[in-house]
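Here is how the chains run, residue by residue.
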Amino acid sequence: MANSGSLKSTMAVSLTNYLDAGAIVAGASGLTLWQNYLGLSEVHLGWLNFISANCLGAAIGAIIGGFLADRYGRKFIFTYNLLVYMLGVLLVMFSVNFPMLLCGFLVTGISVGVGVPASWTYISESSEVNNRGRNICISQMSWGFGPMCILLLGMLFAPGGYLFGWVEGLAAAVCGADLTEAAVNVFSSRVVFFSLFVVAFIAWNLQRGLQESAEFEATKASGQKSGLLDNIKVLFQNSIAVKTVCFLATIYLTWNLVASVMGFFQPHIYETAGGVTNEQANWMNCIQWAIIVGVTFIVSKLIDKTSHKSIYVFGLLVAISAWLVIVTIGVNGPAGLWAFAILWGIQGGSSPQIFYALWGSELFPAKFRAGAQGLMFFIVRGLSALWGLAFTFIYGENGEGFTIAAWCMIVLLAISLLVGVIGVPNTRGRALDDITRERYGESY
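Keep in mind the model is a prediction, meaning the values are calculated, not measured.

Caption draft 1: Here's a closer look at the overall build of the protein chain. Scanning the protein chain from terminus to terminus reveals 20 helices and zero strands. Its C-alpha atoms give the protein chain a radius of gyration of 21 Å, within 12% of the compact-globule value 22 Å for 444 residues. Taken along the three principal axes of its C-alpha coordinates, the protein chain extends 70 × 50 × 35 Å. Looking at the protein chain as a whole, 61% of its 444 residues qualify as buried. Long-range pairs, those at least 24 residues apart, make up 83% of the contacts in the protein chain between residues at least 6 apart in sequence. In the structure as shown, the protein chain presents an accessible area of about 16,200 Å², 68% of it carried by carbon and sulfur atoms.

Encoded structure:
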């Protein structure tokens, strides 16, 4: 039930991924600046990660948004959700204390979670059979472009950056010339968040003009109940659906426990464990995201024609190799740091997140497709939030526990590799209706 305009709609919906990853990295790139401005401890930073778009905020939003998308439609989410995102970004922009900053991260995170299941579902349902993997990869490329652009802006506006003089002038114009150095510096992060506000406004105008998914319209016309409690009941009563949730949640969780920490703390880790400056850390991270975008583009050309298992295995083997660099060479010198950054970039372009997004939208009926994804996203991001808090204690104030943390990461990635290889589904090149009938029979 796809249409020839799937590429156009995919690009509009993919801006949700830009805003998702952009929100995470905007917070991460300015983390040290906010820490200095508000006098935050490592525990405070852990709480920001815990409730942000990286973890709990997105988890809460996903379980709500997934079932709302199944009840009221994918377009319903696109019409209203980004208004909430813009509110959250404004709260961060104008934060003057930790509770306000925390609230802004939470509201933004909830909006991100609401949008993700609907966007991945919509992309799959509007894609041609032989372009579904490509379109999901385009969505993932947007997930890479977000951090890359945000990091570039962060470096331009950061203390010592080419445009920091403009930031200083803006800070003086808005708050006066008697600001502390930390208060002036954090204005660079405020400007970066403003860029997310602008993109969210553009995305909102594009997405609210999209047509509703034909798959959703067909389900609605069939008269099947699609209330929240109805869909939860059906989901958990169907053994195929439950097994699928367990499989997808496992491969995504074990990878995301690693990726969520890196997405939020990576520049901070480079600064503390690697001993580089904030600007150098952001440059390394930006180059890494450029690698992710480039590799994802290559994968987009292969994923509808090549074995999913081979791409999946390649990505995770590279991911494990990246963390082996940590426990062998270490990150105290440029060789180890760059080896890790490049390898982690390569794995990001062929990561389990691509297959989670693809298989998650293929392996469930349209009736509870978004709701199932929302439930899994809730499980994954919620547990990632707890892991983010635990990581701050394992890592330590100055990175003294980084080697122990690295071994934890290797074990998690190995689990994702093993479970994924065992459970890779046969969905490539098949219509969603065909996959649904094979797995669930004619009743769906």
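Caption draft 2: Representation of the packing of aromatic side chains. One pass over the full model with this rule turns up 24 aromatic pairs. Relative to Tyr-37, the ring of Trp-34 lies with its centre 6.0 Å away and its plane at 65°, an arrangement referred to as edge-to-face. You can see Trp-34 and its partner Tyr-37 sitting in helix α2 (residues 31-38), three residues apart, about one turn around the helix. Accessibility expressed as a relative area gives 1% for Trp-34, which makes it buried. Relative accessible area serves as the criterion here: at 24%, Tyr-37 is assigned to the partly exposed category. Look at Phe-78 and Tyr-122: their rings are 5.3 Å apart centre to centre, the planes differ by 85°, and that puts the pair in the edge-to-face class. With Phe-78 in helix α5 (residues 74-93) and Tyr-122 in helix α6 (residues 98-125), the pair connects residues that are 44 residues apart, well separated along the chain. Overall, the relative accessible area of 2% leaves Phe-78 in the buried class. Through pairs of rings, three or more aromatic residues link up here, namely Trp-120, Trp-143, Tyr-252, Trp-255, Trp-289, Tyr-356 and Phe-377. Across the ring face of Phe-187, the terminal group of Arg-190 is positioned such that the distance to the ring centre comes to 5.3 Å. If you follow Arg-208 out to its NZ or CZ, it ends over the ring of Trp-204, 4.0 Å from the centre.

Caption draft 3: Just the nonpolar core, in detail. Counting 120 residues, the largest nonpolar core has Leu-196, Trp-323 and Phe-364 as the members making the most contacts within it. When residues in this core are grouped by element, the largest group, 15 residues, is from helix α13 (residues 239-272). Formed by seven residues, the second largest nonpolar core is a distinct cluster that contains Phe-164, Val-167, Ala-171 and Val-184.

Caption draft 4: Summary view of the environment of Asn-238. Within the secondary structure, Asn-238 sits in the loop between α12 (228-237) and α13. Relative accessible area serves as the criterion here: at 14%, Asn-238 is assigned to the buried category. Sequence separation between Asn-238 and Tyr-440 is 202 residues; the distance between their C-alpha atoms is 8.6 Å. A polar atom in the side chain of Asn-238 sits 3.0 Å from the backbone nitrogen of Ile-240.

Caption draft 5: Summary view of a nonpolar patch on the surface. Residues Leu-152, Trp-283, Ile-287, Trp-338 and Ile-342 make up a contiguous nonpolar surface patch of about 420 Å² in total accessible area. Going through the elements one at a time, α14 (278-302) and α16 (334-348) are the ones with two or more residues in the nonpolar patch. Along the polypeptide, Trp-283 turns up in helix α14. Residue class for Trp-283 comes out partly exposed when judged on its relative accessible area of 39%.

Caption draft 6: Expanded view of the packing of α6 against helix α17 (residues 352-362). At a minimum axis separation of 9 Å, α6 and α17 run at an interaxial angle of 65°. The angle between the axes of α6 and α17 places the two elements in the roughly perpendicular class. The hand of the α6/α17 crossing is right-handed. Touching Trp-120, Thr-121 and Ser-124 of α6 are Gln-353, Tyr-356, Ala-357 and Ser-361, all from α17. In terms of residue class, the contact of α6 with α17 is built from three nonpolar, four polar and no charged.

Caption draft 7: Focus on helix α1 (residues 6-29). With 24 residues, α1 should cover 34 Å at 1.5 Å per step; its first-to-last C-alpha distance of 33 Å lies within 8% of that length. The buried fraction of α1 is high, at 21 of 24 residues.

Caption draft 8: Seen up close, the environment of Ala-405. Assignment of secondary structure puts Ala-405 in helix α19 (residues 402-423). On the basis of relative accessibility, which here comes to 0%, the residue Ala-405 falls in the buried class. It is 23 Å that separates the C-alpha atoms of Ala-405 and Ala-59, two residues lying 346 residues apart in sequence. For Ala-405, the residues in contact, after removing those within four places along its chain, are Phe-391 and Ile-394.

Caption draft 9: Structural context of the pattern of salt bridges. Per the counting criterion, the structure on display carries seven salt bridges. With a shortest N-O distance of 2.8 Å, Arg-132 and Glu-362 are connected by a salt bridge. Within this pair, whereas Arg-132 is found in helix α7 (residues 132-157), its partner Glu-362 is found in helix α17, the two being separated by 230 residues in sequence. A relative accessible area of 2% means that Arg-132 is categorised as buried. Notably, a salt bridge pairs Arg-430 with Glu-438, separated by 3.1 Å at the nearest N-O pair.

Quick notes on the rules
- All residue numbers here refer to positions counted from 1 along the written sequence of the relevant chain.
- It should be noted that, the model being predicted, local features are given only for residues of pLDDT at least 70 and side-chain atom pairs only at 80 or more, the latter also being counted only at that level, while totals for whole chains, interfaces and linings use all residues.
- Calculated side-chain values reflect all of the structure's heavy atoms, with hydrogen atoms and water omitted.
- Working definition: helices are DSSP H or I runs of at least four residues, strands are E runs of at least two. Numbering for both runs from the N terminus.
- Radius of gyration: C-alpha atoms only; globule rule: 2.2 Å multiplied by the number of residues to the exponent 0.38.
- Only protein chains enter the accessibility calculation, which uses a 1.4 Å probe; a residue is then buried when its area is under 20% of its type maximum, exposed when over 50%, and partly exposed in between.
- Contacts are assigned to residue pairs that have any heavy atoms within 4.5 Å of one another.
- The Shrake-Rupley method, run with a 1.4 Å probe sphere, supplies the accessible areas, and residue values consider only the shown protein chains as cover.
- Stacked, edge-to-face and tilted are the three classes for Phe, Tyr and Trp ring pairs, Trp counted by its six-membered ring, which pair at centre distances within 6.5 Å; planes under 30 degrees apart are stacked, over 60 edge-to-face, the rest tilted.
- By definition here, charges over rings are those cases where NZ of Lys or CZ of Arg is within 6 Å of the ring centre and within 35 degrees of the ring normal.
- Put simply, buried Ala, Val, Leu, Ile, Met, Phe, Trp, Tyr and Cys residues joined by side-chain atoms within 4.5 Å make one nonpolar core.
- For this analysis, a polar contact is any N or O atom pair within 3.5 Å, provided that within protein one partner can donate a hydrogen and the other can accept it, and provided that sequence-adjacent residues contribute only side-chain to side-chain pairs.
- Patch membership is restricted to residues that have no salt bridge and whose relative accessible area is over 30%. Joining uses 9 Å for like charges and 5 Å for the nonpolar side chains Val, Leu, Ile, Met, Phe, Trp and Tyr.
- Salt bridges are counted wherever a side-chain nitrogen of Lys or Arg sits within 4 Å of a carboxyl oxygen of Asp or Glu.
- To define axes, lines are fitted to C-alpha atoms, for helices over the stretch in contact only, and angles between the resulting N-to-C directions are given on a 0 to 180 degree scale.
- Roughly parallel here means an angle under 35 degrees, roughly antiparallel means over 145, roughly perpendicular means 65 to 115, and every remaining angle is called oblique.
- Note: crossing handedness is left-handed where the near helix turns anticlockwise from the far helix by less than a right angle, and right-handed where it turns clockwise.
- All amino acids are sorted into three groups, where Ala, Val, Leu, Ile, Met, Phe, Trp, Tyr, Cys and Pro are nonpolar, Asp, Glu, Lys and Arg are charged, and the leftover types, Gly among them, are polar.
- Under the convention used throughout, the expected extent of a helix is 1.5 Å for every residue step, that is, one less than its residue count.

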